[in-house]
Amino acid sequence: MIRTAIFSGSFNPIHIGHLMLANYIVEYENVDEFWFVLSPQNPLKKQAELSDDQLRLEMLRSAVSEYPRFYACDIELSLPKPSYTVYTLQALNEKYPDREFILIIGADNWLVFDRWKDYQTIWNTYRVWIYPRPGYDLSDSPMPFPPLTKVISSPVFDISSTRIRRAISEGKDMKAFLPRPAYEMIKERKLYR
């Protein structure tokens, strides 16, 4: 059984914090591969300045292409909208029965996990690993941690796509915060301006 960590997000844009988290998990948490699952729209977030799905997918694929254990997954783009993690996990299990999928979420998401669709199905069926986020204290958890859930002690990355987009729109150079292929695509196509 291939142990596959999955991490859903809008990746608008993907940044080095995403890659650093993935790298930590494949090297320290006993998984075989890390899949970045591109989400069309998070039902718990307001419709933001979300770039075109195919553009974000192209950027994601180019950013992870240099990492043999990373994969850009577009399964949510073919699922009914809005996108719910429980359906994504079920679809992945059906399509890839040779894998054990482990859901990776930030502490910020864990603190609202009881608002996710069918969250009890997720935590009773799948492993859920929670990574730390600045400003989110897991001792304030609204619910106990179920048996398949664990908190991982990855480094804390205080980088956000929102902050990167804002900085780019203000004319700031964010090259150090972005994977090279994503940075080049943003610059060439004048994205987030």
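Per chain, the residues get numbers from 1 upward, laid out in the order the sequence is written. Totals for whole chains, interfaces and linings use every residue, but because this is a predicted model, local features are given only for residues with pLDDT of at least 70 and side-chain atom pairs only at 80 or more, for both listing and counting. As a convention, hydrogens and water are excluded, and side-chain values are obtained from all of the structure's heavy atoms.

Peer 1: Looking at this model, I keep getting lost on the packing of aromatic side chains. Mind explaining?
Peer 2: Aromatic ring pairs are reported here in terms of the distance separating the ring centres and the angle at which the planes meet. In summary, the pairing rule links any two rings of Phe, Tyr or Trp, Trp by its six-membered ring, whose centres are within 6.5 Å, and it sorts them by plane angle into stacked for under 30 degrees, edge-to-face for over 60 and tilted for everything else. Using the criterion set out here, one finds 21 aromatic pairs in the structure. Here the aromatic rings of Phe7 and Phe34 are separated by 6.0 Å at their centres, their planes lie at 55°, and the arrangement is tilted. Residue Phe7 is found in strand E1 (residues 2–9), and its partner Phe34 is found in strand E2 (residues 33–38); the two are separated by 27 residues along the sequence. Each member of the pair, Phe7 as well as Phe34, carries the same accessibility label: buried. Their ring planes at 75° and their centres at 5.9 Å tell us that Phe7 and Tyr131 sit as a pair that is edge-to-face. Of this pair, Phe7 sits in strand E1 while Tyr131 sits in strand E5 (residues 127–131); the two residues are 124 residues apart in sequence, bridging distant segments of the chain. What counts as a helix is a DSSP run of H or I of at least four residues, what counts as a strand is a run of E of at least two, and both are numbered from the N terminus. Burial classes follow relative accessibility: with a 1.4 Å probe on protein chains only, a residue under 20% of its type's maximum area counts as buried, one over 50% as exposed, and anything between as partly exposed.

Peer 1: Is there a simple way to think about the side chain of Thr85 in this case?
Peer 2: By secondary structure assignment, the location of Thr85 is in helix H3 (residues 85–95). Taking relative accessible area as the criterion, Thr85 reaches 15% and is therefore assigned buried. Beyond its immediate chain neighbours, meaning those up to four positions away, Thr85 contacts Leu103, Trp116 and Ile122. The contact criterion used is simple: two residues touch if any of their non-hydrogen atoms lie within 4.5 Å.

Peer 1: Looking at this structure, I do not really get the sheet that holds E5. What am I missing?
Peer 2: Across a sheet, paired strands are connected by hydrogen bonds in the backbone, their directions being either parallel or antiparallel. In this scheme, strands are said to pair when DSSP sees at least two bridges between them. Pairing is parallel in the open sheet, where six strands are placed in the order E3-E2-E1-E4-E5-E6. The strands lining the two open edges of the sheet, one partner per strand, are strand E3 (70–73) and strand E6 (149–151). Sheet twist, expressed as the mean angle between neighbouring strand axes with direction ignored, is 25°. For E1 and E2, the ladder comprises six bridges, and the chain directions are parallel. By the bridge assignment for E2, Ala5 is matched with Phe34. Here an angle of 0 to 180 degrees is reported between the N-to-C directions of two axes, which are lines fitted to C-alpha atoms, with helices fitted over the stretch in contact. Along the sheet, helix H1 (residues 16–28) makes contact with E1, E2, E3, strand E4 (99–106) and E5, crossing E2 at roughly 145°. On top of the sheet, helix H2 (residues 53–64) reaches E2 and E3; it is set at about 165° to E2, its chief contact.

From the geometry alone we can't say anything about function, so treat these as descriptive.
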